[in-house]
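Next come the chains, spelled out residue by residue.
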Amino acid sequence: MTYRAFLFAFAICYLLTGNLVPNNLQGQQIPDTQQVAQHTPSAASQWLGIMLEAAARDVERVGAQPTILSRQMAIPVTAMFDAWAAYDQKAVGTLHGGSLRRPVSEQTQANKETAIAFAMYRTCLDQYPHFSDYLTEEMKKMGYDPNCKSENLTTPMGIGNHVARVLLDYRHRDGANQLGDEQGSNGEPYSDYTMYRPVNPVDQINDPDRWQLIPFDDGQGGTFVMDFLTPQWYRVKPFGLDSADQFRPGPPPLVGSDQLLREVDECIEFNATLTPEQKAIVEFMRDGPRSTGQSGHWLKFALVVSTRDKNDLDRDVKLFFTVGNCALDTFIASWDSKRYYDSSRPWTLIRHYYEGKTIKGWTGPGKGVKDILGDNWHPYSPSNFITPPFPGYVSGHSCISGGCAEILKLFTGSDKCGFIEPRHAGEITEQGFTCEQMQQLDGRPLAEIIGAEHATCDIVLPMPTFTEVAEMAGISRVMGGYHIQADNIAGLKLGRDVARHIWPKIQSYIDGTADLKHKMDYESILSQR
C-alpha cells in the first residue's frame, strides 16, 4: 500500500467508526470522508511518506533489517528538522545550532518547504541509493531541480543541501559502519567489526542461555542461516542518550530458575491456543513482507496522528523528528542489551527443556495444533523467517514501541490514540487457508469446538491509547513465540526510560535552548572540507 493510500484509508477508518472523535467535534456528528480529505498533508508529511516507500522497497530488495532501517529514517527526519530550523524563530539545528538562521522576512512557508525538500532528498539518496530514480522523480513532481547541489546558505536550496551533507558526514562515522570501512569489518556496508561469534551453532546447544543460529527454509528445499544482525549496533552514536548502556536492564532469567521455566511454558501455551484475534495481533505487529520495522511502524502512527490533529508543517517537522530519533535511540539501547546478554529465544529454550517430550504446538499453515515433540516446536511464523536473527533480551518490539508510545504521549500531551486496525487473521502466515483450517485442534475445526458463529478470522483491533498499542506490540512477540515474557517486560521499561530521558533534549532543540555538545564535531567536519 502506498503512503497516500495508507494514510487516507486509516484516517477514514478511525473517524467513521467513532473510535476517535477529535476534541473539537465531541457531541457533534462524526465527520464524513469529505471532511477527512479536507486536511491537506504538509510537505513534511509527504516527504515522510516518500521515505517510507523507499524503505519498503529496500526491504523487498534485502529483507528486513530493523536497526539499519531506524538509522535510515532518523537521518532524513533530522535533516528535515535542521533545514526547517533555519527558518524558524526559535528552533536550533542539531549540529549547527542557530548559526544558519535566516532573517524573519525569509521565514516563509515556501522557504521552509524548499529547504526540507532538498534536505530530505539528499539524505534519502544516501540512505536508499538503489532507489535514486524513484526519489528523483518525486523531487521533480514537487517542482524542484534535483541537480541543484548549491550550498549557498542564503537560499533554502543551499540550506537543505548543506545540512544534509554535514549530517551525513557526521553520521558516516557514527559506529554503524554504513561505508563498510571500519577496521575489522569485511568491507560490506553495516558489517560487524566487533568480532561477534555465536556460542550455539545451528545443530547444537552448547549453552541454552545463549543465542543460537536458526535454519530458515530457502524455498528450494534447502535452508540458510542468518547471522546476528548488526551486533556492532551498541556502538552507534545515540541521538540523546549519554551512552548505549545508560539504562541497561538487569540480567534475564536463566536455565534452572523457576521463572524461566514458567515463561517458556507460557510460550508453549500461547502457541497451542492462539485465537484468531491473537494471530491478528501477532501479524499486525510483525508487519508483513514490506515491513519497515518498528521505526517505520511508529512513524506511520505519527502520520495518522498528524491527520487526526490536523497538524501544520511546523508541528509535523517536530513530530517526525521526535519519533524518528526516539526509535533510533531505543534500537541502540535494546541492541546494547542483546549484545551484552546474548540471550536465547524460545526456539532454543523449548528444545532444551522438552527435547524428546510431547507437547501441544502449531504444526504449520492450515494444519492447526496437534501433539508434537519439543524438538519440532515452531513459532507462529513463516518457515522462511522463523524468528529474528539476533538475541532475545530485550525484545526490540517492546523497547521501541514502549519508547515511541511514551514519546508520542509526551509530544501530544495525551495518551489517547483512538485508532483501529481491521485484519484478517492468518493473512500473512497462513495465506490461502480458511479460518476453520487454521484453527484446528487435533484435527477438529474451530467451529466444531466453539460454534460456527464465533469461528471468524475477520478481526478489528482497537487501539485506545498509545500505551496499550505498545503493550500489544510487546505481548505479540510472546504470543508469536519469538520472546519470553522477561524480554517483553524489560523491553517496555527500557524504551520508556529512553523516551523520558531524551524528551527534554528534543524540547531544547525545538525551543532553542539546546546545549550543543556536538558543536565541536560540526566544526571539525567543516574544517575537513
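Note: the structure precedes this text.
This text gives an overview of the structure that appears in the document. What you see is a predicted model; the values in this text were computed from it and never measured. (Residues numbered from 1 in each chain as written. Predicted model: local features only at pLDDT ≥ 70, side-chain atom pairs only at ≥ 80, totals over all residues. Heavy atoms only, no water.)

Here we look at the state of the cysteines
Overall, the coordinates contain one disulfide when judged by the stated rule. Covalently, Cys435 is tied to Cys457 through a disulfide, its sulfur atoms 2.1 Å apart. Its torsion about the S-S bond being 75°, the disulfide of Cys435 and Cys457 is classed as right-handed. Note that Cys435 is positioned in helix 14 (residues 435-438) and Cys457 in the loop between helix 15 (446-450) and strand 6 (458-465), a separation of 22 residues in sequence. Each of the two residues, Cys435 as well as Cys457, counts as buried. (Disulfide = S-S within 2.5 Å. Helix = DSSP H or I, 4+ residues; strand = E, 2+ residues; numbered from the N terminus. Buried < 20%, exposed > 50% of the residue type's maximum accessible area, 1.4 Å probe, protein only.)

Considerations on empty space enclosed by the protein
For the coordinates displayed, the defined rule picks out five cavities of 30 Å³ or more. Considering only enclosed or pocket space, the largest cavity measures out at about 130 Å³ in volume. Along its surface, the largest cavity is lined by 15 residues, and Thr78, Leu167, Tyr170, Arg171 and Phe239 are the ones closest to its centre. Going through the elements one at a time, helix 4 (66-85), helix 7 (156-171), helix 11 (313-341) and helix 17 (485-511) are the ones with two or more residues in the lining of the largest cavity. When its residues are assigned to classes, the lining of the largest cavity shows nine nonpolar, four polar and two charged. (1 Å grid on protein atoms, 1.4 Å probe; cavity = no way out; pocket = protein on both sides within 12 Å on 5 of 7 lines; lining within 4 Å. Points joined across faces, edges and corners; volume = space filled by probe spheres on them. Nonpolar A, V, L, I, M, F, W, Y, C, P; charged D, E, K, R; others polar.)

Concerning the packing of aromatic side chains
Summed over the entire model, instances satisfying the criterion amount to 20 aromatic pairs. Ring centres 6.3 Å apart and planes at 70° place the aromatic pair Phe411 and Trp503 in the edge-to-face group. A residue pair is termed long-range when its members are at least 10 positions apart, and Phe411 in helix 13 (residues 396-412) and Trp503 in helix 17 qualify at 92 residues. Of the two residues examined, Phe411 and Trp503, each falls in the buried class. Three or more aromatic residues joined by ring pairs make a cluster, and in this case those are Phe81, Trp84, Phe239, Phe321 and Tyr509. Note that Lys338 overlies the ring of Trp335, its terminal NZ or CZ placed 5.2 Å from the centroid. Above the face of the Phe239 ring, Lys505 is positioned so that its terminal group lies 5.5 Å from the ring centre. (Phe/Tyr/Trp six-rings, centres within 6.5 Å; stacked < 30°, edge-to-face > 60°. Lys NZ or Arg CZ within 6 Å of the ring centre and 35° of its normal.)

Focus: the packing of helix 10 (residues 293-309) against helix 16 (residues 466-480)
At their nearest, the axes of helix 10 and helix 16 sit 13 Å apart, and the two run at 155° to each other. Relative to helix 16, helix 10 is oriented roughly antiparallel. Here the hand of the crossing between helix 10 and helix 16 comes out right-handed. Contacts between helix 10 and helix 16 involve Gln294, Trp298, Phe301, Val305 and Arg308 on the former and, on the latter, Phe466, Val469, Ala470 and Ala473. Counted by class, the contact of helix 10 with helix 16 contains seven nonpolar, one polar and one charged residues. (Axes fitted to C-alpha atoms, helices over the stretch in contact; angles between N-to-C directions. Parallel < 35°, antiparallel > 145°, perpendicular 65-115°, else oblique. Left-handed = near helix turned anticlockwise from the far one by under 90°. Contact = heavy atoms within 4.5 Å.)

Quick notes on the pattern of salt bridges
This model, assessed by the stated rule, comprises 25 salt bridges. Asp342 is the salt-bridge partner of Arg210, the closest N and O atoms lying 2.8 Å from each other. Taken together, the positions of Arg210 in the loop between helix 7 and strand 1 (215-217) and Asp342 in the loop between helix 11 and helix 12 (346-354) put the pair 132 residues apart, joining distant regions of the chain. When its relative accessible area of 28% is taken as the criterion, Arg210 is described as partly exposed. (Salt bridge = Lys/Arg side-chain N within 4 Å of Asp/Glu carboxyl O.)

Some words on the packing of helix 5 (residues 109-127) against helix 7
The contact between helix 5 and helix 7 brings their axes to 7 Å, and the two run at 35°. Helix 5 and helix 7 meet at a crossing whose hand is right-handed. Residues Asn111, Thr114, Ala115, Phe118, Ala119, Arg122, Thr123, Asp126 and Gln127 of helix 5 lie in contact with helix 7, whose contacting residues are Pro156, Met157, Ile159, Gly160, Asn161, Val163, Ala164 and Leu168.

Quick notes on unusual backbone geometry
Following Tyr393, the chain continues into Val394 via a peptide bond in cis, with omega recorded as 10°. Of note in this structure, Tyr190 is not a glycine but carries a positive phi near 65°. Mapped onto the fold, Tyr190 is located in the loop between helix 7 and strand 1. On the basis of relative accessibility, which here comes to 13%, the residue Tyr190 falls in the buried class. Here the phi dihedral of Lys310 falls at roughly 55°; this positive angle occurs in a residue that is not glycine.

Describing the pairing of strand 4 (residues 369-373)
Alignment of strand 3 (residues 358-362) against strand 4, held across five bridges, turns out to be antiparallel. Each residue of the ladder has a partner; that of Ile359, found in strand 4, is Ile372. (Pairing = 2+ DSSP bridges.)

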